[in-house]
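# Structural overview for review
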Amino acid sequence: LTQARPKFNIFMKYARVELAPPKLSEIPQIRAGIGKLLSSAKNGAWKQQTVKQATLNTLVGAEVLFWFFVGECIGKRHIVGYNV
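First things first, this report covers the structure right here in the doc. If you're wondering where the values come from, they're calculated on a predicted model, not measured in any experiment. (Residues numbered from 1 in each chain as written. Predicted model: local features only at pLDDT ≥ 70, side-chain atom pairs only at ≥ 80, totals over all residues. Heavy atoms only, no water.)

### Description of the overall build of the chain
Along the backbone of the chain there are three helices and zero strands. When the helices and strands of the chain are listed from N to C terminus, the series reads α-α-α. Each principal axis of the C-alpha distribution contributes one length, and for the chain these read about 55 × 40 × 30 Å. Counting across all 84 residues of the chain, residues that qualify as buried make up 4%. (Helix = DSSP H or I, 4+ residues; strand = E, 2+ residues; numbered from the N terminus. Buried < 20%, exposed > 50% of the residue type's maximum accessible area, 1.4 Å probe, protein only.)

As structure tokens, this is what we get:
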């Protein structure tokens, strides 16, 4: 327990910042980011990415999908199907 406490304190330090919901003052930045993403998708800027950037973006998308499906399994409390 004494060895785990410093690591837990470091985890909590970063968790307070990284896992906090967005503040009201950050909403305009979020909207601007979404607008920039949509405009770059429309004008084909995604075609100018390097292979490294495209791979990283694909992995991030796969991670989002993975956590979505894990959340679904946790929410329905079954691996397959809903209990109806």
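### Remarks on helix α3 (residues 51–76)
Here α3 spans 38 Å end to end across 26 residues, near enough to the 38 Å set by a 1.5 Å rise per residue. The first or second residue beyond α3 is R77, which carries a positive phi of 60°. (Expected span 1.5 Å × (residues − 1).)

### Examining the packing of aromatic side chains
Within this structure, the stated rule accounts for three aromatic pairs. Seen in terms of ring centroids, F66 and W67 are 5.1 Å apart; in terms of plane orientation they differ by 70°. Their pairing is edge-to-face. Judged by centre distance (5.3 Å) and plane angle (70°), the rings of F68 and F69 are edge-to-face. Judged by relative accessible area, which is 46%, F68 ranks as partly exposed. (Phe/Tyr/Trp six-rings, centres within 6.5 Å; stacked < 30°, edge-to-face > 60°.)

### Quick word on the environment of L56
Topologically, L56 is positioned in helix α3. Assessed through its relative accessible area of 53%, L56 is described here as exposed. The sequence separation of L56 and R5 amounts to 51 residues, and the corresponding C-alpha distance is 33 Å.

### Quick look at the environment of Q49
As for its placement among the helices and strands, Q49 is situated in the loop between α2 (27–43) and α3. The spacing of Q49 and G35 is 14 residues in sequence and 18 Å in space, taken between C-alpha atoms. When sequence neighbours within four positions are dropped, the list of residues in contact with Q49 reads A54 and N57. In this structure the side chain of Q49 is engaged in a polar contact, spanning 3.3 Å, whose partner is the side chain of N57. (Contact = heavy atoms within 4.5 Å. Polar contact = N/O pair within 3.5 Å; in protein donor to acceptor, adjacent residues only side chain to side chain.)

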